[in-house]
Amino acid sequence: MKTKGYTERLYNGLIKENPTFVLMLGMCPTMAVTSSAFNALGMGLTTTAVLVMSNFVISAMRKMIPDKVRIPAYIVIVATLVTIVQLLLKAYIPSLDSALGIYIPLIVVNCIILGRAESYASKNPPLLSAFDGLGMGLGFTLGLTCIGIFRELLGSGTLFDTVQVIPENFTISLFVMAPGAFFVLAFLIAAQNAYRNRKAAKAAAAGEAVAYSAAADNGELACGGNCLSCFGAVCAENRGKLAENAVKAAAGTGNTGKSAVNAGKAEGIGKAAGTAQNDGKAAAADSTGAKGETKA
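Rules behind the numbers
Residues numbered from 1 in each chain as written. Predicted model: local features only at pLDDT ≥ 70, side-chain atom pairs only at ≥ 80, totals over all residues. Heavy atoms only, no water. Helix = DSSP H or I, 4+ residues; strand = E, 2+ residues; numbered from the N terminus. Contact = heavy atoms within 4.5 Å. Buried < 20%, exposed > 50% of the residue type's maximum accessible area, 1.4 Å probe, protein only. Core = buried A, V, L, I, M, F, W, Y, C linked by side-chain atoms within 4.5 Å. Expected span 1.5 Å × (residues − 1). Salt bridge = Lys/Arg side-chain N within 4 Å of Asp/Glu carboxyl O. pLDDT = per-residue confidence, 0-100. Phe/Tyr/Trp six-rings, centres within 6.5 Å; stacked < 30°, edge-to-face > 60°. Patch = residues over 30% accessible without salt bridge, like charges linked within 9 Å, V, L, I, M, F, W, Y side chains within 5 Å. Areas by Shrake-Rupley, 256 points an atom, 1.4 Å probe, with all protein chains shown as cover.

(A) Here's a closer look at the overall build of the protein chain. A tally of regular secondary structure across the protein chain gives ten helices and two strands. Within the protein chain, residue pairs in contact and separated by at least 24 positions form 69% of the contacts whose partners lie at least 6 positions apart.

Below you can see the structure in the form of structure tokens.
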């Protein structure tokens, strides 16, 4: 159970609530330092180290920090950790330190770090908070590195400042400039949203197909599964059966929001079908009454 919680924290930061492509946090370093993949990777890993340590320390001290001064306390803790990381970069990777420049000290006020400290680390155990910081940091690193790879490849033709992939005569210098960051970020977010929408549509279609197939196999459809003979009151009755099956399936699983949404839609279809059937009966009764009056 604990292992599941740790992996869920990693998945949450990497995919479900990716800071760059989903939450849209930390846009300042995202736009500024992603002109090359190496700088983007270095910025992401630096932020990850600060996130993991700050989440762990803040979670361990969450019961000692007074509620009224928690934000200043978080900033002091994060600033201390950022200073340590910056000194280590100056000592061991001076080229990365000079390339990132002012954006290393600005990690102190990064929305991702303060946001996770306030929303998660201050309410959960230290180890779980550290994994939450690791997941968010890796998600941020993934986003920065993807943007950096595209910008460097299209703008300079190189990859991690080493391999020349595209000849210099065929590169587009716009992508290593500020507007290029916006273009690449917009393209990647659009591609991600298109993939998610397509996946959601396929899941919804599969759910409807399963409900129809189950109803046809059980002989619950008035037309026996023959769509050519499905019309009028027969169609309304079939829709009602499908709605009942979808509601039962949703009640049986009961663990995803999507099932509940599909069940709600199916229930709405069932109500509409019932209304249509009642309207048909009412129309038939009116017609019978009118015939009776004519005969009289």
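(B) Molecular detail of unusual backbone geometry. The phi torsion at Met24 lies on the positive side, around 60 degrees, for a residue other than glycine. The exposure class assigned to Met24 is partly exposed, which follows from its relative accessible area of 38%. Of note, the phi angle at Phe160 is positive, near 55 degrees, even though the residue is not glycine. Mapped onto the elements, Phe160 comes out in the loop between strand 1 (158–159) and strand 2 (163–164). Given the relative accessible area of 30%, Phe160 is considered partly exposed.

(C) Here's a closer look at the nonpolar core. Ranked by size, the top nonpolar core spans 19 residues in total, and within it Met43, Val50, Val82, Leu100, Ile107 and Ile113 carry the most contacts. Among the secondary structure elements, those contributing two or more residues to this core are helix 3 (37–60), helix 4 (70–92), helix 5 (94–100), helix 6 (111–119) and helix 7 (126–155). Setting aside residues no more than four positions away along its own chain, Leu100 makes contact with Val33, Asn39, Gly42 and Met43. In this structure, Met31, Ala181, Val184 and Ile189 belong to the second largest nonpolar core, which totals nine residues.

(D) Structural view of helix 7. Taking 1.5 Å per residue as the helical rise, helix 7 with its 30 residues ought to reach 44 Å, and the 42 Å between its terminal C-alpha atoms agrees with that figure. At the C-terminal side of helix 7, Gly157 shows a positive phi close to 85 degrees.

(E) Representation of the pattern of salt bridges within the structure. Summed over all chains, the structure comprises six salt bridges. The partner of Glu8 in a salt bridge is Arg9, and the shortest N-O contact between them spans 3.1 Å. Relative accessible area serves as the criterion here: at 34%, Glu8 is assigned to the partly exposed category. Its relative accessible area of 10% is what places Arg9 among the buried residues. Across the pair Arg70 and Asp67 runs a salt bridge, and its minimum N-O distance is 3.4 Å. Look at Arg70 and you get partly exposed, because its relative accessible area is 25%. The network of salt bridges with shared partners includes Glu8, Arg9, Arg116 and Asp132.

(F) Looking closely at helix 4. The first and last C-alpha atoms of helix 4 sit 33 Å apart over 23 residues, in line with the 33 Å expected at 1.5 Å per residue. Regarding helix 4, the residues found buried are Ala73, Tyr74, Ile77, Val78, Leu81, Val82, Val85, Gln86 and Leu89. Against helix 3, helix 5 and helix 6 lie the buried residues of helix 4.

(G) A look at the confidence of the model for the protein chain. Per-residue pLDDT for the protein chain averages 80, and the proportion of residues at 70 or more is 70%. Scored below 50 in pLDDT, residues 256–261 shows two contacts in the model against residues more than four places distant or in partner chains.

(H) Molecular detail of the packing of aromatic side chains. According to the stated counting rule, one finds one aromatic pair in the structure shown. An angle of 20 degrees between the planes, with centres 4.7 Å apart, marks the rings of Tyr6 and Phe131 as stacked. Of this pair, Tyr6 sits in helix 1 (residues 2–16) while Phe131 is found in helix 7, placing the two residues 125 residues apart along the sequence.

(I) View of the side chain of Thr30. Here Thr30 is to be found in helix 2 (residues 27–32). For Thr30, the residues in contact, after removing those within four places along its chain, are Thr20, Leu25, Phe140, Leu144 and Ile147.

(J) Molecular detail of the environment of Ile147. Tracing the backbone shows Ile147 in helix 7. Overall, the relative accessible area of 0% leaves Ile147 in the buried class. Counting along the chain gives 37 residues from Ile147 to Val184, while the straight-line C-alpha distance between them is 6.3 Å. In contact with Ile147, other than residues within four places in its own chain, are Thr20, Phe21, Thr30, Thr34, Val184, Leu185 and Leu188.

(K) Representation of a nonpolar patch on the surface in the model. The grouping of Phe38, Ile84, Leu88, Tyr92, Ile93 and Phe160 at the surface amounts to a nonpolar patch, some 580 Å² of accessible area in total. For the nonpolar patch, the leading source of residues is helix 4, giving three residues. The residue Ile84 is located in helix 4 in this model. Classification of Ile84 as partly exposed rests on a relative accessible area of 44%.

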